[in-house]
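Structure at a glance
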Amino acid sequence: MKIKIQQLKIQQLFISILAMLVVIACGTGSKNNEKADTSKMINVDTVKAVQPVVEEEKKLTPNDITVKLFTKGFDREADEEGGPYKGEIHEGVSFRKEKNYFFCYDSEQFIRLEILGNGKGLSIEVKEEDQVIFKEKNFELKDKIKYTDKDFNIGMGNKTTITIKQNETILFKGMIDSQGCM
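This write-up is about the structure you can find in this document. (Residues numbered from 1 in each chain as written. Predicted model: local features only at pLDDT ≥ 70, side-chain atom pairs only at ≥ 80, totals over all residues. Heavy atoms only, no water.)

Structural notes on the overall build of the protein
Let me state the cut-off plainly: Helix and strand assignments follow DSSP, with helices taken as H or I runs no shorter than four residues and strands as E runs no shorter than two, numbered in order from the N terminus. Contacts are residue-level and defined by heavy atoms, with any inter-residue pair within 4.5 Å sufficient. The method behind every accessible area is Shrake-Rupley, applied with a 1.4 Å probe, and residues are considered shielded solely by the protein chains displayed.
Helices and strands together make up the secondary structure of the protein, namely two helices and seven strands. Within the protein, counting contacts between residues at least 6 apart in sequence, those at least 24 apart form 62% of the total. For the protein, the computed accessible surface area is about 13700 Å², with 54% contributed by carbon and sulfur atoms.

Quick notes on the pairing of strand E4 (residues 108–128)
Applied cut-off: Only protein chains enter the accessibility calculation, which uses a 1.4 Å probe; a residue is then buried when its area is under 20% of its type maximum, exposed when over 50%, and partly exposed in between. For two strands to count as paired, DSSP must find a minimum of two bridges between them.
Taking burial as the measure, the 21 residues of E4 include 15 buried ones, the bulk of the element. Of the strand pairs in this sheet, strand E1 (residues 66–73) and E4 are connected by eight bridges, and their pairing is antiparallel. Of the residues in E4, the one forming a bridge with Gly 73 is Glu 108. Counted along the chain from E4 to the antiparallel partner strand E5 (residues 131–148), the turn is two residues long, and its residue Glu 129 has a positive phi close to 55°. Where E4 meets strand E6 (residues 159–166), seven bridges bridge the pair, whose relative direction is antiparallel. Across the sheet, residue Val 126 finds its bridge partner in E6, namely Ile 162.

Focus: the environment of Tyr 105
Here Tyr 105 lies in the loop between strand E3 (100–104) and E4. The partly exposed category is assigned to Tyr 105, whose relative accessible area is 27%. Between the alpha carbons of Tyr 105 and Asn 158 there is a distance of 9.8 Å; along the sequence they are 53 residues apart. If near-sequence neighbours (up to four positions away) are discounted, Tyr 105 is found in contact with Phe 74, Met 156, Gly 157, Ser 178, Gln 179 and Gly 180.

If you want it as structure tokens, here you go:
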């Protein structure tokens, strides 16, 4: 271990000496060049600084993202049909495909919303009737984002609209209708 540290110190010393020799050589050359032709010399003021490349925001289309809604059936005690039953989590496929979903709030509940894709400058707004219950602006989507019932909840007997935009372009707008069915 000590040998490697000493070798590293020697390498650093060698590089430092080499750098000093280059600086001295360049300085000496410029003194000799004072009477020579200076038409090829570049004024420092004319050199442009290299600007960092700014990555442009990729404009998304509705086909660039997928939005999935998941609900879970209630757990049930044993009854005349058997049981007990553990409620299953399932995707509301019609929400992804037709952008609307109907569920019975007295037998299932909202679990999560997933947005899949990649993009920047996105926003999501969740409205119950005409009231905004959740909003997030200017986020970046990398593969998948999940929103659960801890972020927002789909209320009983309400119509909920979920809108996802990139800047002002609507990428997804879906309607959820929850009603009592029993």
